[in-house]
Amino acid sequence: MTNSSSVIMAGLRKLAPETAHRLTIRALAVGLGPRDRSPEDPILESSVWGRRFPNPVGIAAGFDKNAEAYRAVLRLGFGFAEIGSVTPRPQAGNPKPRLFRLTEDRAVINRMGFNNDGIEAVARRLSNRGVLPGPLGVNLGKNKDSADAAADYVRGVQALARHADYLVVNVSSPNTPGLRTLQGREPLAALIEAVKGARAEACPTVPPPLLVKIAPDLQPEDKADIAAVALASGIDGLIVSNTTLARPASLRGADRGEAGGLSGAPLFQPSTELLAEMYRLTQGRLPLIGVGGIASGADAYAKIRAGASLVQLYSALVFEGPGLVRRIKRELAQNLRRDGFSSLSQAVGAGRR
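Residues numbered from 1 in each chain as written. Predicted model: local features only at pLDDT ≥ 70, side-chain atom pairs only at ≥ 80, totals over all residues. Heavy atoms only, no water.

**Some remarks on the sheet that holds strand S8 (residues 166-170)**
- The parallel closed barrel is built from eight strands, whose spatial order is S3-S4-S7-S8-S9-S10-S12-S13. For this sheet, the mean inter-axis angle between neighbouring strands, taken without regard to orientation, is 25 degrees.
- Pairing geometry for strand S3 (residues 57-59) and strand S4 (residues 80-86), over two bridges, is parallel. Its bridge partner being in S4, Gly58 is matched across the sheet by Phe80.
- Sheet strands touched by helix H9 (residues 297-306): strand S12 (288-291) and strand S13 (308-313). Its angle to S13, the strand with the most contacts, is close to 145 degrees. (Pairing = 2+ DSSP bridges. Helix = DSSP H or I, 4+ residues; strand = E, 2+ residues; numbered from the N terminus. Axes fitted to C-alpha atoms, helices over the stretch in contact; angles between N-to-C directions. Contact = heavy atoms within 4.5 Å.)

**Observations concerning the side chain of Arg101**
- Looking at where Arg101 falls in the secondary structure, it is placed in strand S5 (residues 99-102).
- Buried charged residue Arg101 carries no salt bridge. Nearest counter-charge: Asp255, at 8.2 Å.
- Of the polar contacts made by the side chain of Arg101, one reaches the backbone oxygen of Arg13; its length is 3.1 Å.
- Reaching out from Arg101, the side chain makes a polar contact with the backbone oxygen of Leu15 at a distance of 2.9 Å.
- With residues up to four places along the chain from it excluded, the contact list for Arg101 reads Leu12, Arg13, Leu15, Ala16, Pro17, Ala20, Ala107, Asp255 and Val318. (Buried < 20%, exposed > 50% of the residue type's maximum accessible area, 1.4 Å probe, protein only. Lys, Arg positive; Asp, Glu negative; His and termini not counted. Salt bridge = Lys/Arg side-chain N within 4 Å of Asp/Glu carboxyl O. Polar contact = N/O pair within 3.5 Å; in protein donor to acceptor, adjacent residues only side chain to side chain.)

**Things to note about the packing of aromatic side chains**
- Applying the stated rule across the entire model yields five aromatic pairs.
- Plain terms: the ring middles of Trp49 and Phe53 are 6.3 Å apart, the flat faces sit at 65 degrees to each other, and that makes the pair edge-to-face.
- Accessibility expressed as a relative area gives 0% for Phe53, which makes it buried.
- Seen in terms of ring centroids, Phe63 and Tyr314 are 5.5 Å apart; in terms of plane orientation they differ by 85 degrees. Their pairing is edge-to-face. Here Phe63 is found in the loop between S3 and helix H3 (70-75), whereas its partner Tyr314 is found in the loop between S13 and helix H10 (315-320), with 251 residues between them in sequence.
- Judged by relative accessible area, Phe63 falls into the buried class, the value being 9%.
- Given a relative accessible area of 24%, Tyr314 falls into the partly exposed group.
- Grouping aromatic residues by their ring pairs yields a cluster made of Trp49, Phe53, Phe80 and Tyr166. (Phe/Tyr/Trp six-rings, centres within 6.5 Å; stacked < 30°, edge-to-face > 60°.)

**Some thoughts on the confidence of the model for the protein**
- On average, residues of the protein score 96 in pLDDT, and 98% of them reach the 70 mark or higher.
- Predicted confidence in the protein is weakest over helix H1 (residues 3-13), with a mean pLDDT of 72, and strongest over S3, with 99. (pLDDT = per-residue confidence, 0-100.)

**A short note on the pattern of salt bridges**
- Following the criterion strictly, the structure yields 19 salt bridges and no others.
- In this structure, the salt-bridge partner of Arg98 is Glu18, at a minimum N-O distance of 2.7 Å. Of the two residues, Arg98 is situated in the loop between S4 and S5 and Glu18 in helix H2 (residues 17-29); the sequence distance between them amounts to 80 residues. Note on accessibility: Arg98 and Glu18 belong to one class, buried.
- The partner of Asp339 in a salt bridge is Arg338, and the shortest N-O contact between them spans 3.0 Å.
- You can call Asp339 partly exposed: its relative accessible area is 35%.
- Classification of Arg338 as exposed rests on a relative accessible area of 57%.
- Several salt bridges converge on common partners, so that one network encompasses Asp36, Glu40, Arg326 and Lys329.

**Regarding the nonpolar core**
- The biggest cluster of nonpolar side chains holds 85 residues, and the ones touching the most others in it are Tyr153, Leu160 and Leu238.
- For Leu238, the residues in contact, after removing those within four places along its chain, are Leu211, Val212, Ile214, Ile226, Ala230, Met278, Thr282, Pro287, Leu288 and Ile289.
- Counting 12 residues, the second largest nonpolar core, distinct from the first, contains Val48, Trp49, Phe80 and Leu310. (Core = buried A, V, L, I, M, F, W, Y, C linked by side-chain atoms within 4.5 Å.)

As structure tokens, then:
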């Protein structure tokens, strides 16, 4: 990280977390963010779902909720970006404060509640997206007061599928009441069927890949059910995982008792274990995106060896700043070459074989 970046990060950390996040998005949106002009290491390039990823490191949903800064995010060096979660109608989310830094733990707790501008505003921002240097994912949610979850996801697909390089059905946020019940075998199968029908109508010739984002707080039978539905329904992948409701005894931050989803370093081990389990249960037949606690190239490499074709991060940026992206890519390439791999794809699931 440069000296100027260090000063900016120190200043942002003195602000309330949500204020700092909002200022960061505004700065990126008007072109004030840094750029990673270094060439991509060819060992990191891969093709997933027939789409080229210049590197496997993406920004997770929740950072650029409203598609305001995705171009600038990709200029930071990310190989792909994911916007959202987006709901059909705009909603304010939960009361503030709702975002908390646990600096001692390199962790974040949030109970944002799908605050976003709604699909119409996001569709307008994506309508002129043009050609991007990496794929753009669109993460869909449901409105808090909606009685018909499937209808909300269908509306999201109808409005946004044509702008997406992949779509994500988010049924795993802990901050929307009842949302995680959609991960059950029958509700999930019915939801996927409805969403696939909408996708076929919206994009009849080249439909974007469809992924489901799952929670880390799953019982063994839940994991088996999700894997079975994923394979039987013909979806294109899973994102493993969202934030956790668990509170490890090791947490030291003053806000560790706040309600919401925990992300960052404490989520790394449980989310990576779940990733490996879902890779096993899906028999390596579905591309997986590994997310949860990544803060180094070694972390990203562990996710890939556990079965991830791609990885995402967000919370670590709060503490490390944008220079982290370049460092992760450099360390990941070094790990791949050290272990004799000539391409990223060769390492996917290597720890499970």
